[in-house]
Amino acid sequence: MGAGAVAGFFALSGYLIAGSRERHSLLSFLWSRALRILPGYWGALLVTGCLFAPLVAMLGHREIDFTSSLGYIWHNAALIQRQIGIGGTLAGSPTPYVSVWNSSLWTLPYEFGSYVALGVLFAWPRMRRVSAALAVVAACALLLFLIRLGVVMIDSNIPSLAGHFAAGAAMHAARRDLPNDGRLATFAAMVVAWALWHGPLALGALAPLHLSYLVLWLGARLPGGLATKHDLSYGIYIYAFPLQQVMVTLGVSGAVSPLWFAALSLIVTAPAALASWMLVERPALRLRPAVFGQLEGHMNARSATAP
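These figures come from a predicted structure and were not determined experimentally.

Conventions and cut-offs
Residues numbered from 1 in each chain as written. Predicted model: local features only at pLDDT ≥ 70, side-chain atom pairs only at ≥ 80, totals over all residues. Heavy atoms only, no water. Helix = DSSP H or I, 4+ residues; strand = E, 2+ residues; numbered from the N terminus. Rg over C-alpha atoms; globule rule 2.2 N^0.38 Å. Buried < 20%, exposed > 50% of the residue type's maximum accessible area, 1.4 Å probe, protein only. Contact = heavy atoms within 4.5 Å. Lys, Arg positive; Asp, Glu negative; His and termini not counted. Charge placed at Lys NZ, Arg CZ, Asp CG, Glu CD. Polar contact = N/O pair within 3.5 Å; in protein donor to acceptor, adjacent residues only side chain to side chain. Axes fitted to C-alpha atoms, helices over the stretch in contact; angles between N-to-C directions. Parallel < 35°, antiparallel > 145°, perpendicular 65-115°, else oblique. Left-handed = near helix turned anticlockwise from the far one by under 90°. Nonpolar A, V, L, I, M, F, W, Y, C, P; charged D, E, K, R; others polar. 1 Å grid on protein atoms, 1.4 Å probe; cavity = no way out; pocket = protein on both sides within 12 Å on 5 of 7 lines; lining within 4 Å. Points joined across faces, edges and corners; volume = space filled by probe spheres on them. Salt bridge = Lys/Arg side-chain N within 4 Å of Asp/Glu carboxyl O. Expected span 1.5 Å × (residues − 1). Phe/Tyr/Trp six-rings, centres within 6.5 Å; stacked < 30°, edge-to-face > 60°. Lys NZ or Arg CZ within 6 Å of the ring centre and 35° of its normal.

**Considerations on the overall build of the protein chain**
Alright, step 1. Counting its secondary structure elements, the protein chain contains 13 helices and 0 strands.
Alright, step 2. In the protein chain, the succession of helices and strands from N to C terminus is α-α-α-α-α-α-α-α-α-α-α-α-α.
Alright, step 3. Against the compact-globule benchmark of 19 Å for 307 residues, the protein chain has a radius of gyration of 21 Å, which places it among compact chains.
Alright, step 4. Burial statistics for the protein chain: of 307 residues in total, 41% are counted as buried.
Alright, step 5. If you take every contact in the protein chain between residues at least 6 apart in sequence, the share linking residues at least 24 apart comes to 74%.
Alright, step 6. The averaged location of the 10 negative side-chain charges in the protein chain is 8 Å from the averaged location of its 19 positive side-chain charges.

**A closer look at the side chain of Thr269**
Alright, step 1. The topology assignment puts Thr269 in helix H12 (residues 258–285).
Alright, step 2. Looking at Thr269, its side chain comes within polar contact range of the main-chain oxygen of Ser265, at 2.6 Å.
Alright, step 3. Thr269 has contacts with Gly235, Ile236, Tyr239, Ala240 and Leu243, leaving out every residue within four places of it along the chain.

**What to know about the packing of helix H6 (residues 157–173) against helix H9 (residues 208–221)**
Alright, step 1. The interhelical angle for the contact between H6 and H9, taken along N-to-C directions, is 55 degrees, at an axis separation of 8 Å. What the angle tells us is that H6 and H9 run oblique. The handedness of the crossing between H6 and H9 comes out as right-handed. Along its contact with H6, which presents Gly163, His164, Ala167, Gly168 and Met171, the element H9 presents Pro208, Leu209, Leu211, Ser212, Tyr213 and Leu216.
Alright, step 2. A per-class count over the contact of H6 with H9 returns 7 nonpolar, 4 polar and no charged.

**Re the packing of helix H5 (residues 130–149) against H6**
Alright, step 1. Running from N to C, H5 and H6 point in directions that differ by 160 degrees, and their axes come no closer than 8 Å. With respect to their mutual orientation, H5 and H6 come out roughly antiparallel. As for the relative orientation of H5 and H6, their crossing is left-handed in sense. From H5, Val130, Ala133, Leu134, Val136, Val137, Cys140, Leu143, Leu144 and Ile147 reach across to H6, where they touch Pro159, Ser160, Ala162, Gly163, Ala166, Ala167, Ala169, Ala170 and Ala173.
Alright, step 2. A class-by-class count of the residues in the contact of H5 with H6 yields 16 nonpolar, 2 polar and no charged.

**Observations concerning the layout of surface pockets**
Alright, step 1. Space inside the second largest pocket adds up to approximately 300 Å³.
Alright, step 2. Among the elements of the structure, helix H10 (233–249) and H12 are those that each provide at least two residues to the lining of the second largest pocket.
Alright, step 3. Examining the composition of the lining of the second largest pocket, we find that 4 residues originate from one element, H10, more than from any other.
Alright, step 4. For the lining of the second largest pocket, a count of residues per class yields 8 nonpolar, 5 polar and no charged.

**A closer look at the environment of Pro54**
Alright, step 1. Tracing the sequence through the fold places Pro54 in helix H2 (residues 26–59).
Alright, step 2. Through-space distance from the C-alpha of Pro54 to that of Trp106 is 23 Å; in sequence the pair is 52 residues apart.
Alright, step 3. In this view, Pro54 contacts Thr48, Gly49, Ile64 and Phe66; residues no more than four positions away in its chain are not counted.

**Quick word on the pattern of salt bridges**
Alright, step 1. Applying the stated criterion to the full structure yields 3 salt bridges.
Alright, step 2. Linking Arg36 and Asp231 is a salt bridge whose minimum nitrogen-to-oxygen distance equals 3.1 Å. Residue Arg36 is found in helix H2, and its partner Asp231 is found in the loop between H9 and H10; the two are separated by 195 residues along the sequence.
Alright, step 3. For Asp231, a relative accessible area of 28% puts it in the partly exposed group.
Alright, step 4. Residue Arg36 is classed as buried on the basis of its relative accessible area, which comes to 12%.
Alright, step 5. Via salt bridges that share partners, Arg36, Asp231 and Glu281 belong to a single interconnected network.

**Quick look at H9**
Alright, step 1. For H9, built from 14 residues, the straight-helix expectation of 20 Å at 1.5 Å per residue is met to within 8% by its first-to-last C-alpha distance of 20 Å.
Alright, step 2. Considered for burial, the residues of H9 that qualify are Pro208, Leu211, Ser212, Tyr213, Leu214, Leu216 and Trp217.
Alright, step 3. For H9, the elements touching its buried residues are helix H1 (2–23), H5, H6, helix H7 (182–197) and helix H8 (200–206).

**Observations regarding the packing of aromatic side chains**
Alright, step 1. A full pass over the atoms with the stated rule returns 5 aromatic pairs.
Alright, step 2. What links up through ring pairs into an aromatic cluster is the set Phe9, Phe10 and Tyr237.
Alright, step 3. Taking NZ or CZ as reference, Arg21 lies 5.8 Å from the ring centre of Phe29, over its face.
Alright, step 4. Here Arg33 stacks its cationic end above the ring of Tyr115, 5.7 Å away from the centre of that ring.

This is how it looks when you write it as structure tokens:
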């Protein structure tokens, strides 16, 4: 389920990011993507290191190591997780992640790398065709088969996640020709379920287009509600895991079933995600036109006065 969720996230991201790239120049696009990812991410590092970890240390009657907290923020600031723990704050936790404060963050370097690759790929009009994105999907699928056979030895997350991202981008390029058909969605769901049964490599090699169509079909059918005004998706993604670690420390996981723990996690995480959106993410996004509006105005003025 976790592999399917991450793959679906990359497929939906590829669809949305392809649309963003078509509306912006390369530099404006990369600046917008950095503003969307980094400020919220830095905020999550700060809150985890300076609030969640000291709280857990205090609850466990352990000494608070602020040096390790600051190191957690500094060492991970560039998206790559170089420090996964904060002192011994999670020692004794009844989970496999006894030293990991935020396991979800491992996907963000792949996500941002996909942004850069798509930004460069779409720098030329001829590369905006559906065939370009489908070629990337096919190349990633081939790489996954070669990895499975032991012919190629690389990180399988690269072709797997890139393939799902490219599939979403292909769906965006072909969006005017895609039918909104429940029968196709049902068939896609069956293929995705079969691939998931055989593991993440099978999902990435055989079903990225099916998963992309299924996610988009569900997005078109399900009600939007709060998401139309406040984008909580990123905040939920970056805050759920550390908040779950706090809940485990408090003994919540031992007192309720996994299903109830998941439901309570969402209830606890949603306010943190809303705060992240209102206080960090949305204000950061307002900086994009402030910077590039002035730059483009200056360039237009120079063009107007040029001989």
